[in-house]
Amino acid sequence: QVQLVESGGGLVQPVGSLRLACAASGSIFRINNMGWYRQAPGMQRELVADITSGCSLAYADSVKGRFTISRDNAKNTVYLQMNSLTPEDTAVYYCNAYVEVSHLSHYTYWGQGTQVTVSS
């Protein structure tokens, strides 16, 4: 079993910044992709950013130039630095990891979600 624990959400004013972190633990052989998704009320969950084990990056168009995803493989942790936040970024942010738990055995895991609210 693998657990993903997120931290760093909260309330921030427009144009402010937040940094999210997600630490994976448990029966991990190797972590391939790690990413962040978000879901606003009444909306579908959407990809925000993704990083591969080789550190190839992908971002949603709405966050390009404002958000930065990174990872620390030694700590099995992924980060999301969010700058220039707007009220449209308000959502529950979920961590996602595609984990190889043993040779050729892969599963996708999700964190419990952390609320990010951008409001004055």
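See above for the structure.
Scoring rules and cut-offs
- Counting starts from 1 at the beginning of each chain's written sequence and moves along it residue by residue.
- Per-residue local features of the predicted model are confined to residues with pLDDT of at least 70, and side-chain atom pairs are confined, for both listing and counting, to 80 or more; whole-chain, interface and lining totals are unaffected and use all residues.
- Hydrogens and water molecules were not included; the side-chain quantities draw on all heavy atoms of the structure.
- Only buried Ala, Val, Leu, Ile, Met, Phe, Trp, Tyr and Cys residues count toward a nonpolar core, and they belong to the same one when joined by side-chain atoms within 4.5 Å.
- Throughout this description, buried means an accessible area under 20% of the type-specific maximum (1.4 Å probe, protein chains only), exposed means over 50%, and partly exposed covers the range between.
- What counts as a helix is a DSSP run of H or I of at least four residues, what counts as a strand is a run of E of at least two, and both are numbered from the N terminus.
- Contacts between residues were defined by any pair of non-hydrogen atoms, one from each residue, lying within 4.5 Å.
- Note: two strands are recorded as paired if DSSP finds a minimum of 2 bridges between them.
- Any two cysteine sulfur atoms lying within 2.5 Å of each other are counted as a disulfide.

A. Representation of the nonpolar core in the model. Trp 36, Leu 80, Met 82 and Tyr 93 are the most contacted members of the largest nonpolar core, which totals 29 residues. Listing elements by their share of this core, those giving two or more residues are β1 (2-7), β3 (18-26), β4 (30-39), β5 (46-51), β7 (67-72), β8 (77-82), β9 (91-102) and β11 (114-118). The greatest single-element share of this core, amounting to five residues, is contributed by β9.

B. Just the side chain of Ser 105, in detail. Turning to its location among the elements, Ser 105 is positioned in strand β10 (residues 105-110). Setting aside residues no more than four positions away along its own chain, Ser 105 makes contact with Val 99 and Glu 100.

C. Focus on the pairing of β10. Pairing geometry for β9 and β10, over six bridges, is antiparallel. Paired with Tyr 98 across the two strands is Thr 108, which belongs to β10. Here β9 hands over to β10 after two residues, with Leu 104 in that stretch at a positive phi of 65°.

D. Broad picture of the state of the cysteines. Considering all chains together, one arrives at one disulfide under this definition. With its sulfur 2.1 Å from that of its partner, Cys 22 forms a disulfide with Cys 95. Between Cys 22 and Cys 95, the disulfide has an S-S torsion of -80° and is therefore left-handed. Separated by 73 residues along the polypeptide, Cys 22 in strand β3 and Cys 95 in strand β9 bring together distant segments of the chain.

E. Representation of the side chain of Asn 32. You can see Asn 32 is positioned in strand β4. Discounting chain neighbours no more than four positions away, the residues touching Asn 32 are Ile 51, Thr 52, Ser 53, Arg 71, Tyr 98, Glu 100 and His 106.

F. Highlighting unusual backbone geometry. Even without glycine at this site, Cys 55 takes up a positive phi of about 70°. In this structure, Asn 76 is a non-glycine residue whose phi angle is positive, near 50°. Of note, Asn 76 is situated in the loop between β7 and β8.

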